[in-house]
Amino acid sequence: MPATTLDANTALVLIDLQKGITALPTFSPAADVVARSAELAAAFRERGLPVVLVNVTGGAPGRTQAGMPGGELPADWAELVPELDQRPSDITVTKQQWGAFHGTGLDLELRRRGVTQIVLAGIATSIGVESTARAAHEHGYHVTIATDAVTDMDADAHRNSVEKIFPRLGELDSTKAVIGLLG
């Protein structure tokens, strides 16, 4: 089902569009996700709506079957990609886990601005984007996912999120359609 409307106080939340993540092999090109996310950011800024740029610098400490990747990360791994054209008015959130809400000030930043809806884009669909969408839904925000502005390292995981999980959390549409709903 396509997105039907955007609230007057909608924020854009871009997940993990940083040098280290965008360099990972994804099933659809990360460069396309970055370009569409930059389009969304420009459109939100033009209308004076909040843009949230999220990066990740660590991981939750629990044991997992998959384990944590080893080795030292490059110094610029967590730097946001320059194509996002970060502005002083943008809200930046650094997280230590998959989702952008837990352990960060994101909810407070959004509520202070009267935000009632978020549009999500970024990498990885089944990890950071899905975790943030779930938490946003649980926090009572309306959620819209720009499905052509998300990608994953795993095509099946991406499809599962887009086809089975996201429709239960919000509405889905293209970058062009979301920008059209901004008016």
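Placed above this text is the structure.
Described in the following lines is the structure provided in the data block. This one's a predicted model, so the numbers in the text were calculated from it and none came from an experiment. (Residues numbered from 1 in each chain as written. Predicted model: local features only at pLDDT ≥ 70, side-chain atom pairs only at ≥ 80, totals over all residues. Heavy atoms only, no water.)

### Description of the packing of aromatic side chains
All told, the structure shown has 1 aromatic pair when counted by the stated rule. Ring centres 5.9 Å apart and planes at 35° place the aromatic pair F101 and Y141 in the tilted group. On the criterion of sequence distance, the pair formed by F101 in the loop between β3 (91-95) and α3 (106-112) and Y141 in the loop between α4 (125-138) and β5 (142-151) is long-range, its members being 40 residues apart. (Phe/Tyr/Trp six-rings, centres within 6.5 Å; stacked < 30°, edge-to-face > 60°. Helix = DSSP H or I, 4+ residues; strand = E, 2+ residues; numbered from the N terminus.)

### With respect to the side chain of E130
Of note, E130 is situated in helix α4. Look past the residues within four positions of E130 in its chain and what remains in contact with it is A124, T125, S161, I165 and F166. (Contact = heavy atoms within 4.5 Å.)

### Considering the packing of α4 against helix α5 (residues 155-169)
Viewed as axis vectors pointing N to C, α4 and α5 meet at an angle of 5°, and their least axial separation amounts to 10 Å. As the angle between them shows, α4 and α5 are arranged roughly parallel. Contact residues: α4 offers T125, S126, V129, E130, A133, R134 and H137, while α5 offers A157, H158, S161, V162, I165, F166, R168 and L169. Looking at the contact of α4 with α5, its residues break down into 7 nonpolar, 5 polar and 3 charged. (Axes fitted to C-alpha atoms, helices over the stretch in contact; angles between N-to-C directions. Parallel < 35°, antiparallel > 145°, perpendicular 65-115°, else oblique. Nonpolar A, V, L, I, M, F, W, Y, C, P; charged D, E, K, R; others polar.)

### Structural notes on the nonpolar core
What tends to happen in soluble globular proteins is that the nonpolar side chains get buried as a cluster. Counting 28 residues, the largest nonpolar core has L12, L14, L17, L40, F44 and I123 as its most contacted members. For this core, the elements supplying multiple residues, two or more each, are β1 (10-15), α2 (30-46), β2 (51-56), β4 (117-123), β5 and α6 (175-182). A total of 7 residues in this core trace back to one element, the largest contributor, which is α2. The next biggest cluster of nonpolar side chains, apart from the first, holds 27 residues, and it includes V13, F101, Y141 and L169. (Core = buried A, V, L, I, M, F, W, Y, C linked by side-chain atoms within 4.5 Å. Buried < 20%, exposed > 50% of the residue type's maximum accessible area, 1.4 Å probe, protein only.)

### Side note on the pattern of salt bridges
Inspection of the entire model under this criterion finds 11 salt bridges. In this structure, the salt-bridge partner of R134 is E130, at a minimum N-O distance of 2.9 Å. You can see R134 and its partner E130 sitting in helix α4, 4 residues apart, about one turn around the helix. With a relative accessible area of 10%, E130 lands in the buried category. Each member of the salt-bridge network shares a partner with another, and the members are K19, D76 and E79. (Salt bridge = Lys/Arg side-chain N within 4 Å of Asp/Glu carboxyl O.)

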